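Each chain is listed here by its residues.
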Amino acid sequence: MEVWLRETVSTLSRKSDTTAAIQYALNRWAALTRYCDDGVIEIDNSAAERSLRGVALGRKNYLFAGADSGGERAAAMYSLIGTAKLNGVDPEAYLRHVLAHVADHRINRIDDLLPWNVAGKLQSFNANA
């Protein structure tokens, strides 16, 4: 496809919209084809955009978060919930577990409370709840 784009762009007017689009793709060719080199990389960022949809929809409501610190807390909560979802952990169960244990937890071991480290403990936690 890259060869075809290079051949095609040379036959078009330099000022055409098609030329601009082809040049845009060619200038970013390495990034455009990066997903071909690694099967883990997604071809698009639709998952990230979908996860941010709620933030965009509620933007007017967040205007009244109270202060910058309220907005920062909301951002931290979105980050925790999103990370839990991406790791296949139920966000409500995860937050319930973390809130129940964070007060007694040693600060130098806070990474023990990350979603991927808590996932195995949530099964027994949900059974006892």
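Residues numbered from 1 in each chain as written. Predicted model: local features only at pLDDT ≥ 70, side-chain atom pairs only at ≥ 80, totals over all residues. Heavy atoms only, no water.

1. Structural notes on the overall build of the protein
- Secondary structure summary: the protein contains nine helices and zero strands in total.
- Going residue by residue from the N terminus, the α and β elements of the protein occur as α-α-α-α-α-α-α-α-α.
- By the burial criterion, 18% of the 129 residues in the protein qualify as buried.
- Across the protein, the fraction of contacts at a sequence separation of at least 24, relative to all contacts at a separation of at least 6, is 35%. (Helix = DSSP H or I, 4+ residues; strand = E, 2+ residues; numbered from the N terminus. Buried < 20%, exposed > 50% of the residue type's maximum accessible area, 1.4 Å probe, protein only. Contact = heavy atoms within 4.5 Å.)

2. So, the layout of surface pockets
- As a volume, the largest pocket reaches approximately 300 Å³.
- Considering the residues around the largest pocket, the lining is formed by Ala47, Ala48, Ser51, Leu52, Val55, Tyr78, Ile81, Gly82, Lys85 and Leu86.
- Take the lining of the largest pocket: its biggest share by element is five residues, from helix α7 (residues 68–86).
- Among the residues forming the lining of the largest pocket, the class breakdown is seven nonpolar, two polar and one charged.
- The volume enclosed by the second largest pocket comes to roughly 170 Å³.
- Taken together, Met77, Leu80, Tyr94, Leu95, Val98, Leu99, Val102, Ile110, Leu113 and Leu114 form the lining of the second largest pocket.
- Listed by contribution, the elements that provide at least two residues to the lining of the second largest pocket are α7 and α8 (91–101).
- The dominant element in the lining of the second largest pocket, judged by the number of residues it contributes, is α8, at four residues. (1 Å grid on protein atoms, 1.4 Å probe; cavity = no way out; pocket = protein on both sides within 12 Å on 5 of 7 lines; lining within 4 Å. Points joined across faces, edges and corners; volume = space filled by probe spheres on them. Nonpolar A, V, L, I, M, F, W, Y, C, P; charged D, E, K, R; others polar.)

3. Considerations on helix α2 (residues 17–27)
- Within the sequence span of α2, burial applies to Thr19, Ile22 and Leu26. Along the axis of α2, the buried residues cluster in a sector spanning 65°; they form a single face. Facing away from the buried side of α2 by over 90 degrees, the exposed positions are Asp17, Tyr24 and Asn27. (Arc of directions from axis to C-beta.)

4. Here we look at the pattern of salt bridges
- The full count for this structure, using the stated rule, is three salt bridges.
- Salt-bridge contacts for Arg96 lead to Glu92; the nearest nitrogen and oxygen are separated by 3.1 Å. On the criterion of helical spacing, the pair formed by Arg96 and Glu92 is a turn pair, its members being four residues apart in helix α8.
- Judged by its relative accessible area of 54%, Glu92 falls in the exposed class.
- A salt bridge links Arg109 to Asp112; the shortest N-O distance between them is 3.0 Å.
- What makes Arg109 partly exposed here is its relative accessible area of 37%. (Salt bridge = Lys/Arg side-chain N within 4 Å of Asp/Glu carboxyl O.)

5. Describing the confidence of the model for the protein
- Residue-level pLDDT values for the protein average 83, and 88% of them are 70 or greater.
- Residue range residues 124–129 is modelled with pLDDT below 50. Its contacts to residues more than four positions away, or to other chains, number six contacts. (pLDDT = per-residue confidence, 0-100.)

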